[in-house]
Amino acid sequence: MTRRGIFIFAAAIVACFALRPAAADDGNLLRFTPEETRRILQHGPWPRPWSRDPSNRVSGKPAAIALGERLFFDPRLSSGNSLSCASCHLPAKSFADGRKLGVGLEEGDRNTPSVLNVRLNRWFGWDGSNDNLWAQSVRPMLDPRELAVTARHVADFMRNDRELRCRYQQAFGAPPAPADDEAVMVDTGKALAAYQETLVSGRTPFDDFRDALARGDRQAAARYPQNAQRGLRIFIGKGSCNLCHFGPNFTNGEFHETGIPVLRKLGSVDWGRYQGIKMLQASRFNLEGPYSDDASRSTATSSRHVALGPQNYEQFKIPSLRNIALTAPYMHNGHLATLRDVVKHYSEIDLGLLHSVHLYDSDGVPQTLPVDNLLKPLKLSGQEIDDVVAFLHTLTEKRAGAGIRRVTHKSNCR
Ligand code: HEC
Ligand code: HEC
């Protein structure tokens, strides 16, 4: 090469680098296809707009929220004054408890879920045995393994404590009914619900990434760690995780079977949603019952149409994945200790363990069909498993408690 040739060659290389400053800044960003980008954007924006619950007449009311907060932390709502809601739903543990199974007055059968973001639920409990938050808040009071009290105990407590009676009057516009224990207990559940509706998880690194993609800000998007990007690509791609963990709250709100063993301590089986539907339909506290404040019953549509079928055996609610790094162990019975264990479970899932529906074809010959084919062993490599775990970690809020809606109320009750 001549000297002139060398000069031109060198100049060309310098020009190449000089022309790529934008590329150098977003070099950490994977090339997501338009379809991948569309799927990623479906998981936001966050937080969601808040709306009141029509089935609860004190939903969103500051006096009720303040009363509910008070009650949530008050052990006098339990037998022997030993436990409160916050004994199992600990604010410092993202409103879960870090245990395998919930422990109240006795150990229960199920893992304690976080109550952050519960306003977004359609169904409550791992089995969906309640269709509203106030009924779900009454449940632990009556459960002999949890707070173990009666409607009479709750109602007398609200009537006889001067401060609570005064706060109740402010929240509901009348003092606790002297003769109707059940109505006072349900109202107590409604105040607890009003408080829990304010519990929202904060913004996460994933939310910043997602919003940057939405704005087309590649430089900001490139700050999201590359292993999390690769894990996200699996989550919305070959892992199909987003079929169930869908939308801004990473759940489609429904139920599914995932092959987690369902045998309980005493040898009985946890039938999950199958039992949950029966309990929902038998409950006096469902949205079709006498205690819903929604006169039009507009919120009861899903409950009215829910039908029991063999596919409901061993189904559990698809949990939100927000703040997931803070709520180990995992699954309805705490069967899996770490997020890596969860991803490995999906990677190696044994389809033989999944329940099947038995049907007869037109000739009367029995056919066994898998319930559906959403799950299949993903056979992920060790690196891919690490990537999905890295992604799941980015669904945890950056600052604890930053998403909680602060509602202030001065009661002057003493
Ligand atoms: C002994 C521990 C314990 C106590 C005390 C307790 N809970 Fe729970 N909570 C649980 C467990 C376990 C579940 C899951 C229940 C199930 O699926 O059967 C749960 C579920 C819930 C849910 C449903 C969340 C969802 O996503 O479906 C709400 C809401 C809730 N509890 C609120 C409360 C309130 C309000 C109180 C106090 C009145 C309370 N809990 C007391 C352990 C507890
Ligand atoms: C077919 C629906 C479905 C698919 C697909 C699915 N999940 Fe799940 N996921 C569930 C259900 C249902 C549970 C709760 C199961 C139980 O408690 O027994 C769950 C639980 C979890 C949990 C534990 C949550 C907790 O609070 O205990 C994590 C983490 C999770 N899934 C991540 C993933 C990932 C990652 C993928 C993709 C590799 C995935 N899921 C695919 C339905 C699904």
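Structure report, in brief. (Residues numbered from 1 in each chain as written. Chains lettered and ligands numbered in written order. Predicted model: local features only at pLDDT ≥ 70, side-chain atom pairs only at ≥ 80, totals over all residues. Heavy atoms only, no water.)

Right, let's get into the overall build of the chain. Of regular secondary structure, the chain possesses 16 helices and four strands. If you take every contact in the chain between residues at least 6 apart in sequence, the share linking residues at least 24 apart comes to 74%. Accessible area for the chain stands at about 20,400 Å²; split by element, carbon and sulfur atoms hold 55% of it. (Helix = DSSP H or I, 4+ residues; strand = E, 2+ residues; numbered from the N terminus. Contact = heavy atoms within 4.5 Å. Areas by Shrake-Rupley, 256 points an atom, 1.4 Å probe, with all protein chains shown as cover.)

Our next topic: the coordination of the iron atom of ligand 1. With respect to protein ligation, the iron atom of ligand 1 binds only His 89 (NE2), at 2.1 Å. Counting through the fold element by element, His 89 comes out in the loop between helix 5 (85-88) and helix 6 (133-142). (Donors = N, O, S within 2.8 Å, 3.2 Å for Na, K, Ca; no water.)

The residue after Trp 46, namely Pro 47, is reached through a cis peptide bond having omega -5 degrees. You can see Pro 47 is positioned in the loop between helix 3 (34-41) and helix 4 (62-72). Geometrically, the link from Ala 328 to Pro 329 is a cis peptide bond, its omega value of -10 degrees lying close to zero. Within the secondary structure, Pro 329 sits in the loop between strand 2 (316-317) and helix 15 (339-348).

Our next topic: the packing of helix 3 against helix 10 (residues 205-215). One way to put it is that helix 3 packs onto helix 10 with a least axis distance of 10 Å and a crossing angle of 130 degrees. One finds that helix 3 runs oblique with respect to helix 10. For helix 3 against helix 10, the interelement crossing comes out left-handed. In contact with Thr 37, Ile 40 and Leu 41 of helix 3, helix 10 contributes Phe 206, Phe 209, Arg 210, Leu 213 and Ala 214. Across the contact of helix 3 with helix 10, the residue classes break down as six nonpolar, one polar and one charged. (Axes fitted to C-alpha atoms, helices over the stretch in contact; angles between N-to-C directions. Parallel < 35°, antiparallel > 145°, perpendicular 65-115°, else oblique. Left-handed = near helix turned anticlockwise from the far one by under 90°. Nonpolar A, V, L, I, M, F, W, Y, C, P; charged D, E, K, R; others polar.)

Turning our eyes to something else, we now look at helix 15. Owing to its 3.6 residues per turn, the α-helix brings residues three or four apart onto one side. Residues of helix 15 that are buried: Leu 339, Val 342, Val 343, His 345 and Ser 347. For helix 15, the elements touching its buried residues are helix 16 (382-393). (Buried < 20%, exposed > 50% of the residue type's maximum accessible area, 1.4 Å probe, protein only.)

Scanning the entire structure with this criterion turns up 34 salt bridges. Of the charged contacts, one joins Glu 163 and Arg 167 as a salt bridge, the two residues approaching to 2.8 Å between their closest N and O atoms. In this pair, Glu 163 and Arg 167 are both assigned in helix 8 (residues 162-172), four residues apart and thus about one turn of the helix distant. In this pair, the class of Glu 163 matches that of Arg 167, namely buried. Put simply, Asp 217 and Arg 215 hold a salt bridge, and the shortest N to O gap is 3.3 Å. Exposure remark for Asp 217: the relative accessible area of 28% places this residue in the partly exposed category. For Arg 215, a relative accessible area of 54% corresponds to the exposed category. (Salt bridge = Lys/Arg side-chain N within 4 Å of Asp/Glu carboxyl O.)

Before going further, it helps to spend a moment on the packing of aromatic side chains. Centre distance and the angle of the planes are the two values used to describe a pair of aromatic rings. Following the criterion strictly, the structure yields 15 aromatic pairs and no others. Within the aromatic cluster, the residues linked to one another by ring pairs are Phe 72, Phe 73, Phe 95 and Tyr 195. In this structure, Arg 273 is placed above the aromatic ring of Trp 123, and the distance from its NZ or CZ to the ring centre is 4.7 Å. (Phe/Tyr/Trp six-rings, centres within 6.5 Å; stacked < 30°, edge-to-face > 60°. Lys NZ or Arg CZ within 6 Å of the ring centre and 35° of its normal.)

Another aspect to go through is the site of ligand 2. Contacts to ligand 2 come from 25 residues, most closely from Cys 241, Cys 244, His 245, His 332 and Tyr 346. Between ligand 2 and Tyr 346 there is a distance of 2.6 Å, counted from a nitrogen atom to a side-chain nitrogen or oxygen. Of all the secondary-structure elements, those providing two or more residues to the shell around ligand 2 are strand 2 and helix 15. Looking at which element gives the most residues to the shell around ligand 2, the answer is helix 15, with three residues. When grouped by side-chain class, the residues that make up the shell around ligand 2 number 18 nonpolar, six polar and one charged. (Near = heavy atom within 4 Å. Polar contact = N/O pair within 3.5 Å; in protein donor to acceptor, adjacent residues only side chain to side chain.)

This part is about the state of the cysteines. Cysteine pairs can be linked by a disulfide, which is a covalent bond between their two sulfur atoms. For the structure shown, the criterion picks out one disulfide. Cys 166 shares a disulfide with Cys 413; S-S distance 1.9 Å. One quick way to see it: the torsion about the S-S bond of Cys 166 and Cys 413 is about -70 degrees, and its sign makes the bridge left-handed. On the criterion of sequence distance, the pair formed by Cys 166 in helix 8 and Cys 413 in the segment after helix 16 is long-range, its members being 247 residues apart. Accessibility expressed as a relative area gives 28% for Cys 166, which makes it partly exposed. (Disulfide = S-S within 2.5 Å.)

The coordination sphere of the iron atom of ligand 2 contains the protein donors His 245 (NE2) and Tyr 346 (OH), at a distance range of 1.9 to 2.1 Å. Because the angles between the six donor atoms bound to the iron atom of ligand 2 fall within 83 to 179 degrees, the donor set is best described as octahedral. Here His 245 is found in the loop between helix 12 (226-236) and strand 1 (255-256), whereas its partner Tyr 346 is found in helix 15, with 101 residues between them in sequence. By relative accessible area, which is 10% here, His 245 ends up buried. (Tetrahedral: all angles 85-135°; square planar, octahedral: opposite > 155°, others 65-115°.)

By nearness alone, 25 residues border ligand 1, and Cys 85, Cys 88, His 89, Gly 125 and Lys 317 come closest of all. The contact in question runs from a nitrogen atom of ligand 1 to an N or O atom on the side chain of His 89, over 2.9 Å. In this structure, Lys 317 approaches ligand 1 through a side-chain N or O atom, which is 2.6 Å from an oxygen atom. Only helix 5, helix 6 and helix 9 (181-196) provide two or more residues apiece to the shell around ligand 1. Of all the elements, helix 6 adds the most residues to the shell around ligand 1, at five residues. Tallied by class, the residues present in the shell around ligand 1 amount to eleven nonpolar, ten polar and four charged.

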